[in-house]
Amino acid sequence: MSLTSDPPVSKGDRATRPTDDDHAALKVVPVRHPWRWAAVAATAVLVAQFAHGLVTNPAWEWGVFAEFFTADVILEAVWVTLQLTFYGTALGFALGIVLAFMRLSASPFLRSVAFAYVWAFRSIPLIVQLLFWFNLAYLYKEVRFGIPFGPGFLSFDTMGLVGAMGAAVLGLALHQAAYAAEIVRAGVLAVDGGQSEAAAALGIPRVRQLRRIVLPQAMRSILPNAANEIISLFKGTSIVSVMAIGELFYQVQVIYGRNGRVVPLLMVATVWYILLTSALSVLQHYVERHYSKGAAR
């Protein structure tokens, strides 16, 4: 008696069934994709034309580009841009972490204050914030430290305390903090709450739960968005040119304002932005790989 539900096979059926030799004799024809190849050919032609134009069009003035690409004034401007990015990122994410946990707090007051900060600084354009901090001395002649609503014991002249560079860093950092707070908050919320509950049941202190359980997992969600924000901030430092700070884009503007070589000088700034953004992307890759250890993907 057959143990399967398949019908019995007769001798004639066995004779007509294909064998392994028959399968080997079959000609396998790959699936053709004519439209895909047409798209590849059209794209290749466009890329070749663009590259040919870059090389042969004299209007690009690659000689002028090579002359100024590694000029001392450009290298100093790149260094200023990197400083603005570093300080804006460090201070912005430090404040953003505080704001994120204020929004996650059980206190309605702390949540409201953090929400109001994020709402305000995401609503006001960055250029307005920078100009406001640049003109802070107009509103406050000096900054005093002492008893709240009482006498002050220590005071600083606002004009000397917040210069152009300080105002730029302050504006970039406060603006970045609003976005960093939401990135960190989203990463923490992405971690399953059951893990914190299990850690609390085991008697693990709250700070250690956060440091050893929640944050390492949250970093997988935080890092891609945080890297995007850092790269955006790096390119966004060009907006501080309205404050006459000698960062990359400002110096390029000054040079082509003198010699009239607009296109090659803009290409100098463009290539520097591409190179430094690529370096940040490589660093992002290795940091993400470090925090993805043990992940299923």
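Description of the structure in this document.

### Quick look at the packing of helix α5 (residues 72-103) against helix α10 (residues 164-189)
- Contact pair α5 / α10: the axes reach a minimum separation of 5 Å and the direction vectors enclose 45°. One element, α5, and the other, α10, form an angle in the oblique class. With respect to the hand of their crossing, α5 and α10 are arranged in right-handed fashion.
- Here the residues of the contact of α5 with α10 are counted per class, giving 21 nonpolar, five polar and three charged.

### Here we look at the packing of aromatic side chains
- Here the structure, examined in full by the defined rule, presents eight aromatic pairs.
- On the basis of an interplanar angle of 15° and a centroid distance of 4.8 Å, the ring pair of phenylalanine 69 and tryptophan 272 is categorised as stacked. Here phenylalanine 69, found in helix α4 (residues 62-69), pairs with tryptophan 272, found in helix α14 (residues 262-291); they are 203 residues apart in sequence, far enough to count as distant. An identical accessibility class is assigned to phenylalanine 69 and tryptophan 272; each is buried.
- On the numbers, 4.3 Å between centres and 25° between planes, the contact of tyrosine 117 with phenylalanine 121 is stacked. One end of the pair, tyrosine 117, and the other, phenylalanine 121, are both in helix α6 (residues 108-123), four residues apart, so they sit about a helical turn from each other.
- A residue is classified by how much of its surface remains accessible, and tyrosine 117, at 16% relative accessible area, is buried.
- Among the residues examined, phenylalanine 121 registers a relative accessible area of 16% and is labelled buried.
- Three or more aromatic residues joined by ring pairs form one cluster here, namely Trp60, Trp62, Phe65, Phe69 and Trp272.

### So, the layout of surface pockets
- Estimated volume of the largest pocket: approximately 280 Å³.
- If you go around the largest pocket, the residues you meet are Phe101, Leu104, Val188, Leu189, Val191, Asp192, Gly193, Ser196, Arg206, Gln209, Leu210 and Val214.
- Looking at the lining of the largest pocket, the elements that each hand over two or more residues are α10, α11 (193-201) and α12 (206-236).
- Considered class by class, the residues forming the lining of the largest pocket number seven nonpolar, three polar and two charged.

### Description of the packing of α11 against α12
- Taken N-terminus to C-terminus, the directions of α11 and α12 make an angle of 160°; their axes are 11 Å apart at the nearest point. Between α11 and α12, the angle falls in the class roughly antiparallel. Where α11 crosses over α12, the handedness of that crossing is right-handed. Facing α11, whose interface residues are Gln195, Ser196, Ala199 and Ala200, α12 presents Gln209, Ile213, Val214 and Gln217.
- Class assignment for the residues of the contact of α11 with α12 results in four nonpolar, four polar and no charged.

Cut-offs applied
- Residues numbered from 1 in each chain as written.
- Predicted model: local features only at pLDDT ≥ 70, side-chain atom pairs only at ≥ 80, totals over all residues.
- Heavy atoms only, no water.
- Axes fitted to C-alpha atoms, helices over the stretch in contact; angles between N-to-C directions.
- Helix = DSSP H or I, 4+ residues; strand = E, 2+ residues; numbered from the N terminus.
- Parallel < 35°, antiparallel > 145°, perpendicular 65-115°, else oblique.
- Left-handed = near helix turned anticlockwise from the far one by under 90°.
- Nonpolar A, V, L, I, M, F, W, Y, C, P; charged D, E, K, R; others polar.
- Phe/Tyr/Trp six-rings, centres within 6.5 Å; stacked < 30°, edge-to-face > 60°.
- Buried < 20%, exposed > 50% of the residue type's maximum accessible area, 1.4 Å probe, protein only.
- 1 Å grid on protein atoms, 1.4 Å probe; cavity = no way out; pocket = protein on both sides within 12 Å on 5 of 7 lines; lining within 4 Å.
- Points joined across faces, edges and corners; volume = space filled by probe spheres on them.
- Contact = heavy atoms within 4.5 Å.

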